Amino acid sequence: MLEKVMIFDGGFGSELNKLNLPLGTINEELNITNSEAIKTIHKNYVSSGSDFISTNTFGANRLKLKNSKYSLKEIIEAAINNARSANPKYVMLDVGPIGTLIEPLGTLKFDEAYDIFKEIVLIAKDLVDGFILETFTDIYELKAAVLAVKENSNKMVIASMSFEANGRSLTGTTPEVMTAVLEGLGVDVLGVNCSLGPVELKPIVKRILDSSNIPVIVQPNRGLPKIINGKTVYDLDVDTFYNAVKEFVEMGVSIIGGCCGTDYSFINAISKLKGTTVKKRAKYNRSFVTSGSKIVYIENVKIIGERLNPTGKKALKEAIINEDYDYMVNMAISEEEDGADILDVNMGLPKIDEVSMMVNVIKKIQEFTNIPLQIDSSNPKAIEVACRYYNGVPLINSVNGNIDVLEKILPIVKKYGAMVIGLTLDSEGVPKTSSKRIEIANRIINKAIEFGINKERIVIDALTLTAAAEQELVDETLKTIKAMNNMNIKTALGVSNVSFGLPNRALLNRTFLLMALENGLNLPIINPNDVEMKNTIMAFNVMKNIDKNAEYYINNNVENTSVVQTNSSDYDLSTIIKKGLVNEAITKTKELLKEKEAMDIINNIVIPTLNEVGLDYERNVIFLPQLLKSSEATKASFEVIKSSFKESSEALGPVMILTVKGDVHDIGKNIVKVVLESYGYKVIDLGKDVDYSVVIDAIKKHKPKAIGLSALMTTTVVSMEETIKQIRENNFNIPIFVGGAVLTKDIAKDINADYYTKDPLEMVKILKEIL
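Remember, it's a predicted structure, so these values are computed and weren't measured experimentally.

**Q** What am I meant to see in the overall build of the protein here?
**A** What the protein contains, in helices and strands, is 30 helices and 25 strands. Since a compact globule built from 771 residues should have a radius of gyration of about 28 Å, the 28 Å found for the protein is in line with a globular shape. The principal-axis extent of the C-alpha atoms belonging to the protein is close to 85 × 70 × 50 Å. A total of 771 residues make up the protein; the buried ones form 59% of that total. Of the contacts made within the protein by residues no fewer than 6 positions apart, 75% connect residues no fewer than 24 positions apart. Averaging the locations of the 88 positively and 98 negatively charged side chains of the protein gives two centres separated by 2 Å.

**Q** What should I look at first to understand the environment of threonine 171 in this one?
**A** Along the chain, threonine 171 falls in the loop between strand 5 (156-161) and helix 7 (175-185). Spatially, the C-alpha atoms of threonine 171 and glycine 292 are 8.4 Å apart, while their sequence positions differ by 121 residues.

**Q** How should the pattern of salt bridges be read in this particular structure?
**A** Oppositely charged side chains are able to pair whenever their charged atoms sit close together. On inspection of all chains with the given rule, the structure shows 38 salt bridges. Put simply, lysine 447 and glutamate 407 hold a salt bridge, and the shortest N to O gap is 3.3 Å. Of this pair, lysine 447 sits in helix 16 (residues 434-450) while glutamate 407 sits in helix 15 (residues 403-416), placing them 40 residues apart in sequence. Within this structure, Asp426, Lys436, Glu439 and Arg443 form a network of salt bridges that share partners.

**Q** Which parts of the structure should I look at to understand empty space enclosed by the protein?
**A** Over the atoms a probe the size of a water molecule is rolled, and this reveals where empty space is left. What the rule picks out here adds up to one cavity of 30 Å³ or more. If you add up the space inside the largest cavity, you get close to 40 Å³. For the lining of the largest cavity, the element with the highest residue contribution is strand 3 (residues 90-95), accounting for three residues. Per-class residue counts for the lining of the largest cavity are six nonpolar, three polar and one charged.

**Q** How should I be thinking about the sheet that holds strand 15 (residues 373-376) in this particular structure?
**A** Two modes of strand pairing occur in sheets, parallel and antiparallel, and in both the strands are linked by backbone hydrogen bonds. Spatially, 13-14-15-16-17-18-19-20 is the arrangement adopted by the eight strands of the closed barrel, whose pairing is parallel. The pairing of strand 16 (residues 395-399) with strand 17 (residues 419-423) spans four bridges and is classified as parallel. Within the sheet, the bridge partner assigned to leucine 395 lies in strand 17 and is methionine 419. Contacting strand 14 (342-346) and strand 15, helix 13 (residues 354-368) runs over the sheet at an angle of about 170 degrees to strand 15. Helix 15 contacts strand 16 and strand 17 of the sheet and is inclined by roughly 170 degrees relative to strand 16.

**Q** How should I be thinking about the pairing of strand 18 (residues 458-461) in this particular structure?
**A** Looking along a regular strand, one sees the side chains alternate between the two faces of the sheet. In strand 18, alternate side chains face the same way, and those of Ile458 and Ile460 on one face and Val459 and Asp461 on the other are all buried. Where strand 17 meets strand 18, four bridges bridge the pair, whose relative direction is parallel. Looking across to strand 18, one finds that leucine 423 is bridged to aspartate 461. For the handedness criterion, the β-α-β arrangement of strand 17, helix 16 and strand 18 is classed as right-handed. The pairing of strand 18 with strand 19 (residues 490-494) spans three bridges and is parallel.

**Q** Quick question: what am I supposed to make of the packing of aromatic side chains here?
**A** For any pair of aromatic rings, geometry is given as the distance between the ring centres together with the angle between the planes. Throughout the structure, instances matching the rule amount to nine aromatic pairs. Measuring from centroid to centroid gives 4.8 Å for phenylalanine 110 and tyrosine 140, while their planes differ by 35 degrees, and the two rings are tilted. In this pair, phenylalanine 110 sits in helix 5 (residues 110-124) while tyrosine 140 sits in helix 6 (residues 139-152), placing the two residues 30 residues apart along the sequence. Residue classification places tyrosine 140 among the buried residues on the basis of a relative accessible area of 4%. Judged by centre distance (4.9 Å) and plane angle (25 degrees), the rings of phenylalanine 737 and tyrosine 755 are stacked. Separated by 18 residues along the polypeptide, phenylalanine 737 in strand 24 (residues 736-739) and tyrosine 755 in strand 25 (residues 755-756) bring together distant segments of the chain. For phenylalanine 737, a relative accessible area of 1% gives the class buried. Grouping aromatic residues by their ring pairs yields a cluster made of Phe8, Phe52 and Tyr90. The lysine or arginine in question, arginine 286, covers the ring of tyrosine 297, its NZ or CZ lying 3.6 Å from the ring centre. Taking NZ or CZ as reference, arginine 388 lies 4.9 Å from the ring centre of tyrosine 114, over its face.

**Q** Is there a simple way to think about the packing of helix 15 against helix 16 in this case?
**A** Helix-helix packing: each pair is described by the crossing angle between the helix axes and the interaxial distance. At their nearest, the axes of helix 15 and helix 16 sit 11 Å apart, and the two run at 40 degrees to each other. Regarding the angle of helix 15 to helix 16, the classification is oblique. Pair helix 15 / helix 16 crosses with right-handed handedness. Counted together, Ile403, Leu406, Glu407 and Leu410 of helix 15 and Arg443, Ile444, Lys447 and Ala448 of helix 16 form the full contact between these two elements. The class makeup of the residues in the contact of helix 15 with helix 16 is five nonpolar, no polar and three charged.

**Q** Can you help me understand helix 15 in this one?
**A** For an α-helix, 3.6 residues make a turn, and residues three or four places apart therefore share a direction. Taking 1.5 Å per residue, 14 residues should reach 20 Å; helix 15 reaches 20 Å between its end C-alpha atoms and fits that length. At isoleucine 409, helix 15 is deflected by roughly 30 degrees, the largest bend along its length, and proline proline 411 occurs up to four residues later in sequence. Every buried residue of helix 15 is listed here: Leu406, Ile409, Leu410, Ile412, Val413 and Tyr416. Buried residues belonging to helix 15 abut helix 6, helix 7, helix 14 (380-389), strand 16, strand 17 and helix 16. Positive backbone phi, approximately 65 degrees, marks glycine 417, located one or two places after helix 15.

**Q** Is there a simple way to think about helix 6 in this case?
**A** Spanning 14 residues, helix 6 covers 20 Å between terminal C-alpha atoms, matching the ideal 20 Å at 1.5 Å per step. Most of helix 6 sits inside the fold, with 12 of its 14 residues counted as buried. Buried residues of helix 6: Ile139, Tyr140, Glu141, Leu142, Lys143, Ala144, Ala145, Val146, Leu147, Ala148, Val149 and Asn152, and no others. Capping the start of helix 6, aspartate 138 holds a side-chain oxygen 2.9 Å from the backbone nitrogen of tyrosine 140, two or three residues further along.

**Q** I'm lost on the sheet that holds strand 6 (residues 189-193) in this one. Help?
**A** Taken in spatial order, the eight strands line up as 1-10-7-6-5-4-3-2 in an open sheet, and their pairing is parallel. Where the open sheet ends on each side, the last strands, each with one partner, are strand 1 (6-7) and strand 2 (52-54).

**Q** Quick question: what am I supposed to make of the nonpolar core here?
**A** Most often, soluble globular proteins have nonpolar side chains that are buried together. Counting 137 residues, the largest nonpolar core has Phe117 and Leu133 as the members making the most contacts within it. With residues up to four places along the chain from it excluded, the contact list for phenylalanine 117 reads Val95, Gly96, Ile98, Phe136, Glu141, Ala144, Ala145 and Ala148. If you look at the next biggest cluster of nonpolar residues, it comprises 43 residues, including Leu573, Ala585, Ile622 and Leu767.

**Q** Can you help me understand the packing of helix 6 against helix 14 in this one?
**A** Between helix 6 and helix 14, whose axes approach to 10 Å, the crossing angle comes to 120 degrees. Here helix 6 is positioned oblique relative to helix 14, judged by the angle of their axes. Contact residues: helix 6 offers Tyr140, Lys143, Leu147 and Glu151, while helix 14 offers Cys387, Arg388 and Tyr389. Across the contact of helix 6 with helix 14, the residue classes tally to four nonpolar, no polar and three charged.

**Q** Where do I start with unusual backbone geometry in this structure?
**A** What you tend to see is this: most non-glycine residues have negative phi, and most peptide bonds are trans. In this model, asparagine 397 is joined to serine 398 through a cis peptide bond whose omega is 25 degrees. The residue serine 398 is located in strand 16 in this model. At the junction of glycine 653 and proline 654, the peptide bond is cis and its omega measures out at 5 degrees in the coordinates. With respect to the secondary-structure elements, proline 654 resides in strand 21 (residues 652-659). Of note in the backbone geometry, asparagine 87 takes a positive phi value of approximately 55 degrees without being a glycine.

Reading the values: rules and limits
- Residues numbered from 1 in each chain as written.
- Predicted model: local features only at pLDDT ≥ 70, side-chain atom pairs only at ≥ 80, totals over all residues.
- Heavy atoms only, no water.
- Helix = DSSP H or I, 4+ residues; strand = E, 2+ residues; numbered from the N terminus.
- Rg over C-alpha atoms; globule rule 2.2 N^0.38 Å.
- Buried < 20%, exposed > 50% of the residue type's maximum accessible area, 1.4 Å probe, protein only.
- Contact = heavy atoms within 4.5 Å.
- Lys, Arg positive; Asp, Glu negative; His and termini not counted.
- Charge placed at Lys NZ, Arg CZ, Asp CG, Glu CD.
- Salt bridge = Lys/Arg side-chain N within 4 Å of Asp/Glu carboxyl O.
- 1 Å grid on protein atoms, 1.4 Å probe; cavity = no way out; pocket = protein on both sides within 12 Å on 5 of 7 lines; lining within 4 Å.
- Points joined across faces, edges and corners; volume = space filled by probe spheres on them.
- Nonpolar A, V, L, I, M, F, W, Y, C, P; charged D, E, K, R; others polar.
- Pairing = 2+ DSSP bridges.
- Axes fitted to C-alpha atoms, helices over the stretch in contact; angles between N-to-C directions.
- Right-handed = clockwise from strand over helix to strand, strands pointing away.
- Phe/Tyr/Trp six-rings, centres within 6.5 Å; stacked < 30°, edge-to-face > 60°.
- Lys NZ or Arg CZ within 6 Å of the ring centre and 35° of its normal.
- Parallel < 35°, antiparallel > 145°, perpendicular 65-115°, else oblique.
- Left-handed = near helix turned anticlockwise from the far one by under 90°.
- Expected span 1.5 Å × (residues − 1).
- Bend = angle between axes of the 7 residues up to and from the residue.
- Polar contact = N/O pair within 3.5 Å; in protein donor to acceptor, adjacent residues only side chain to side chain.
- Core = buried A, V, L, I, M, F, W, Y, C linked by side-chain atoms within 4.5 Å.

Now the structure itself:
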């Protein structure tokens, strides 16, 4: 733990922008072609008080530099030498996002992302003091980067994400999810950089500090940029920046620096805070699991849905054997809708490849839901691989009191920061007394602590035996739960096992559940479609004053106590689109075309549904992954509808989109493409780093009704301005839209764009009005 405040450097791209470099310059190549300028920037930051210097390698990966005349190794080694020449305390290799969407949002596989980062690490690991992974917006991509560093070097890892003003990253990750994942993966420092100015970042910084135990780094932008006389400028003054950063230190931040727009004067100002004693923060010791965008705290009662376990389920067994992922995804969606907080995923069948099946199912479920998952297997390899590809902090089910099992599974729990369920059994079976089960529980807890796993990460399953066979042991289970509750250890329990072999199972299950809850059960493993069981939990929460004013109970209790199984075939097209179910969208649209006119489906179902999805996105009810899945389902529905039209029917548009010259980031552009196509527009995608002449020729050829320009880097906003200028000079009267992380309404106006759009749905809204 850092005891004294340390200083990072400031903006680099914005400093390069001051050099009036030719458009299209690859910043990372300057390490070789203009090394003196790079060295000067580094030296000025060291002179201003920076303890850490980050190399000029933010975009140095094999995808972004595939057209460079220099090898990745040459560029990285030159960058490190340039940084070393400034003689800082620490040289950190700067690693940014790859620049393309990772699965399931895009086509880049997790393993491909890992290999790209691994290549960087292997080149640099013996030459630097550590790695700073910064400006990530996708926690899944950042996980790949962290694993690549930690598995291939023993150097310091700083990991930082960028957040929007709504308190989430582009892909919906919250500060709490970020800290949970990164601290679990074992980074040395975590934090936030870029995206916002220091004043706007304050609530996000507070949330990061409140949900973590390790040192925190904050590197704000100098506010948002403006274009003045063709140049990108920032106007936040040094004093305002200093005062805001000083507040961060007073809150407990350990490392401070600057990002876009900050220069030596800003770092010199905040260097006055160097050496300040880092404020001690209260220990964060909550128990939780997460997906990539949702955190579930294991407090009071949370439901683990049990249906994705093939035991006693013929249809699920057949789905697993036949690799019917749609069936399993629909089951997961149903469980989430019906109130599960966590989903158990068990693929344990003989004669199947459990490892690959587990990974495939987890990936598929995480495409369509944001609910955390429980990885349920007795196969250490399946658990290891599932944890690797899981997006978030999973719950592992399970370990037991056998030392060999603990020594196989607990290292996996530690490496991936997971929670783990410990079963109170060992080689002698399930003990008949609570005292023996408590002894096994303590064995599990103590062994976990030896591996560096805090007790907050441990859940004990006291094990349910059938009342029909061992009636006297039911109370032993309850005693064990109570003992764990007294020790502040979380508990889980498969409730319905108690009633096997007896009549009126529902009554026994409900009664046993209530008894277990009274003794402190946190995680009942039940069928969330079972209304009686859910109502019992809701009633318990009212009686225990957990559900204040009985608000949740009043709004959610159900009088019909039958078990309701939901199937995706029951969904209407609107629901299917909202859930992003592509295959179901195709099937349902074909069915509707037998009953309705195509335009009736479009105007009365598809478009209103898309508008609802758009409103949910704007209100932060859903996030980018859900928006894209809905768009894909809509596009699939449109394709079916289009095939029913006469050949003379035309798509809307066309609309031309591109990332401007000198900018190799196409994530935003690709998102716009998916959404526009879902609304029925024909999209002409010119790609990234598009030369002005290519734009002009494409306009002449395709005659678009509108054009959208994207830029991520401050240095390429000037290129966007030049593209617009050339379009105007060629007398093309086309509406020009601009967007990207560095754009604002003021910048759009300054560079003579017609429209600035903060997201693709806003572009759709304007297109509807003007075309």
